[in-house]
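The residues making up each chain are set out below.
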Amino acid sequence: MSKLVTIYGGSGFVGRYIARRMAKEGWRVRVAVRRPNDAIFVRPYGVVGQVEPVLCNIRNEESVRAVMNGADAVVNCVGILAESGKNHFDTVQAEGAERVARLAAAEGVAHLVQISAIGADPDSASEYARTKAEGEAGVLEHFPNAVILRPSIVFGPEDQFFNRFAALSRLGPILPVVGADTRFQPVYVDDVAKAAVLGATGKAAPGIYELGGPDMNTFRELMGQMLSVIRRRKLVLNLPFPIAGLMARGMELGQTLSLGLVKAQITRDQVANLRNDNVVGDGVKTFADLGITPLSLEAVLPDYLWRFRPSGQYAAIKESARNLRAR
């Protein structure tokens, strides 16, 4: 019988790519999510019955244990960028990660992969970064042979980074950003999935890996590259951190007063996180230690951002026509 992997958050942005690759490796894949009916799209990743979404809430002990039963490997992709309802940073990213590792050790799971983030720091001013570090500590306490992956900003067709700002660029002549000089090292989502598969199948040595792509750019430079791909000219306006903090406070208040109907576009915690560079550190394990050569931004962005061009899929045809007329 083929081996079984349980992927917590397996229908999310990163999780779905890991699920697809594990299925291609011949594993049975159990995709543990809060809303299985919304995760039906993962089933075609394998043959009939190979990939199945199952109900699980990472905040619930018995729920986590039940979907882990019989698993040979576990991958935890669950994380949040902003708190909402009962999903708080500490309960999801710290307690949830610790719970998965503790139960995995008790159940005799062979391999555990934890998806964390570059910038995880127990002393960070950002609760997101702080609870990521607490989650890592909880994982290593119970499962010292775990593989912990710390990606920088993850990009790909379903991302909430380039897609979000590309959509904003259609609204006016100015594209506002917070932390324009903060550096990032964007990493392609499927490269992260490759690393996770190596960890889940026991082909990667235990430890913490920081994952960054070949491009290291400031926020402003990334927006310039994105605007070039979508053929739009905009003024990238940097919002000073104090002003961004005040705006975030107002947006959070609006979200609270609307009972969550109006989502804050940015939070104070995100502003705090944007003060720090998000790049691979010195003397750490990286893609090179996994034998993976990460893809660049220019190799991927045009494949999914073309829809934000003024002429959409017809942009290349119109450009060719203009060149013909010029001749």
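Structure first, text after, so check above.
Please read these numbers as outputs of a predicted model, since none were measured by experiment.

(A) Layout of the environment of Q93. Looking at where Q93 falls in the secondary structure, it is placed in helix α3 (residues 89-107). Along the chain, Q93 and T131 lie 38 residues apart, while their C-alpha atoms are 5.7 Å from each other.

(B) A look at the pattern of salt bridges. The full count for this structure, using the stated rule, is 13 salt bridges. In this structure, R102 engages E61 in a salt bridge whose closest nitrogen and oxygen atoms are separated by 2.6 Å. On the criterion of sequence distance, the pair formed by R102 in helix α3 and E61 in helix α2 (residues 61-68) is long-range, its members being 41 residues apart. Measuring nitrogen to oxygen at the nearest pair gives 3.9 Å for the salt bridge that ties R65 to E107. One end of the pair, R65, is in helix α2; the other, E107, is in helix α3, and 42 residues separate them in sequence.

(C) Seen up close, a negative patch on the surface. Where like charges cluster on the molecular surface, the negative patch consists of E83, D90, E95 and E134. By the element assignment, E83 lies in the loop between β4 (73-76) and α3. On the basis of relative accessible area, E83 is assigned to the partly exposed category, the value being 32%.

(D) Representation of the pairing of β4 within the structure. Judged by which residues are buried, β4 turns out to be covered on both faces: A73 and V75 on one side and V74 and N76 on the other are all buried. Here β4 pairs with strand β5 (residues 111-115) via 4 bridges, running parallel. Opposite V74, over in β5, you have L112 as the bridge partner. With respect to chirality, the unit in which β4 leads through α3 into the neighbouring parallel β5 is right-handed.

(E) Focus on the sheet that holds strand β1 (residues 4-8). Taken together, the 7 strands give an open sheet; going across it, the order is β3-β2-β1-β4-β5-β6-β11, and neighbouring strands pair in parallel fashion. A single partner strand is all that each edge strand has here, and the edge strands are β3 (51-55) and β11 (207-211). Each strand axis lies, on average, 20° off the axis of its neighbour in the sheet, ignoring direction. As defined by bridge partners, β1 adjoins strand β2 (residues 28-33) across 5 bridges and the pair is classed as parallel. Residue pairing in the sheet places Y8 in a bridge with A32 of β2. Along the sheet, helix α4 (residues 127-142) contacts β5, β6 (147-151) and β11; its crossing angle with β6, the most-contacted strand, is approximately 165°.

Scoring rules and cut-offs
Residues numbered from 1 in each chain as written. Predicted model: local features only at pLDDT ≥ 70, side-chain atom pairs only at ≥ 80, totals over all residues. Heavy atoms only, no water. Helix = DSSP H or I, 4+ residues; strand = E, 2+ residues; numbered from the N terminus. Salt bridge = Lys/Arg side-chain N within 4 Å of Asp/Glu carboxyl O. Patch = residues over 30% accessible without salt bridge, like charges linked within 9 Å, V, L, I, M, F, W, Y side chains within 5 Å. Areas by Shrake-Rupley, 256 points an atom, 1.4 Å probe, with all protein chains shown as cover. Lys, Arg positive; Asp, Glu negative; His and termini not counted. Charge placed at Lys NZ, Arg CZ, Asp CG, Glu CD. Buried < 20%, exposed > 50% of the residue type's maximum accessible area, 1.4 Å probe, protein only. Pairing = 2+ DSSP bridges. Right-handed = clockwise from strand over helix to strand, strands pointing away. Axes fitted to C-alpha atoms, helices over the stretch in contact; angles between N-to-C directions. Contact = heavy atoms within 4.5 Å.

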